[in-house]
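Chain by chain, the residues:
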Amino acid sequence: MPTKQHIDDWYLQTMGIQTYSDKLGYNTAEIDIPKSDFSQTWESLRQRVANCTTCPLHQTRTQTVFGVGSTQAKLVFVGEAPGQQEDLKGEPFVGRAGQLLDQMLLAIGLKREDIYIANILKCRPPNNRDPKPEEQQCCTPFLLEQLKLLNPKLIISLGRISAQYLLQSNLPLGRLRMQQHVYSSYHIPLLVTYHPAYLLRSPADKAKAWEDLLKIKRFIA
């Protein structure tokens, strides 16, 4: 009878993603994703984010944007940073971009309640500018702890900035989305696709985004 690891590897292979064992030449069943420190609860992490003053962004935020979705989710979507609407509501991906993301999820049989959505930055950069490297570095420990607690099977990186930072790459998004990735911090398979806000500006690329969604659909099938 196939083991859970064999089944997981088969799912990844159907998506065209090499398994970690393929890349390094040994069995991923022997590799454990780091287990969460059980003294660190989800709510205490949320409070630490809410009280964070590590970088200057805390001076201009309305509130932090921790994340939203199921803490049992095996799919985690990661964007770059909150925008104005997210800053006001305290939830990632709201407004027109959030509505499009909801439609994209529904197209493959998912709802927000089925996944978890977070950003690298937990505070909005002024005027929705791109995150600075030092801001990303300040917030990365929070994202790492979220991923550690969630222990997902797949990360979906939304947009160029998220993908380049998570993968520590300077390649354009068009090339990154065509490649196979593993998020090195926890050896989690990672897919790159377009940010919904970009798709609103460039609807011609929705067909490519649909190809990415089909890969996710095959994974959850």
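See above for the structure.
Residues numbered from 1 in each chain as written. Predicted model: local features only at pLDDT ≥ 70, side-chain atom pairs only at ≥ 80, totals over all residues. Heavy atoms only, no water.

Q: How would you sum up the overall build of the protein chain? Please name residues and give values.
A: The secondary structure content of the protein chain amounts to 10 helices and 6 strands. Per-residue burial over the protein chain gives 48% buried out of 221 residues. For the protein chain, the accessible area works out to roughly 11200 Å², and carbon and sulfur atoms hold 51% of it. (Helix = DSSP H or I, 4+ residues; strand = E, 2+ residues; numbered from the N terminus. Buried < 20%, exposed > 50% of the residue type's maximum accessible area, 1.4 Å probe, protein only. Areas by Shrake-Rupley, 256 points an atom, 1.4 Å probe, with all protein chains shown as cover.)

Q: Break down helix α6 (residues 133-150) for me, citing the residues and quoting the values.
A: Look at α6: 25 Å from first C-alpha to last across 18 residues, which is about the 26 Å you get at 1.5 Å a residue. Most pronounced at Cys139, the bend in α6 amounts to some 35°, and the proline Pro141 follows within four residues. When we look at burial in α6, the residues that qualify are Glu135, Gln136, Cys139, Thr140, Phe142, Leu143, Gln146, Leu147 and Leu150. The inward-facing, buried residues of α6 contact α3 (42-50), β2 (75-79), β3 (116-119), β4 (154-158), α7 (160-167) and β5 (181-183). Residue Asn151 follows α6 closely and has a positive phi angle near 50°. (Expected span 1.5 Å × (residues − 1). Bend = angle between axes of the 7 residues up to and from the residue. Contact = heavy atoms within 4.5 Å.)

Q: Just give me the short version of α3, but keep the residues and values in it.
A: In an α-helix there are 3.6 residues to a turn, and that puts residues three or four apart on one side. Trp42, Leu45 and Val49 are the residues of α3 that are buried. Taken end-on, α3 shows its buried residues confined to a sector of 65°, consistent with a single buried face. Residues of α3 that are buried sit in contact with β3 and α6. (Arc of directions from axis to C-beta.)

Q: Which residues make up the nonpolar core, and what are the values?
A: Counting residues in hydrophobic clusters, the biggest one holds 54 residues, and the most contacted among them are Leu75, Phe77, Tyr116 and Ile216. If one sorts the elements of this core by residue count, α6 sits on top with 5 residues. Excluding its chain neighbours within four sequence positions, the residues that come into contact with Leu75 are Leu110, Ile115, Tyr116, Leu154, Ile156, Ile216, Phe219 and Ile220. (Core = buried A, V, L, I, M, F, W, Y, C linked by side-chain atoms within 4.5 Å.)

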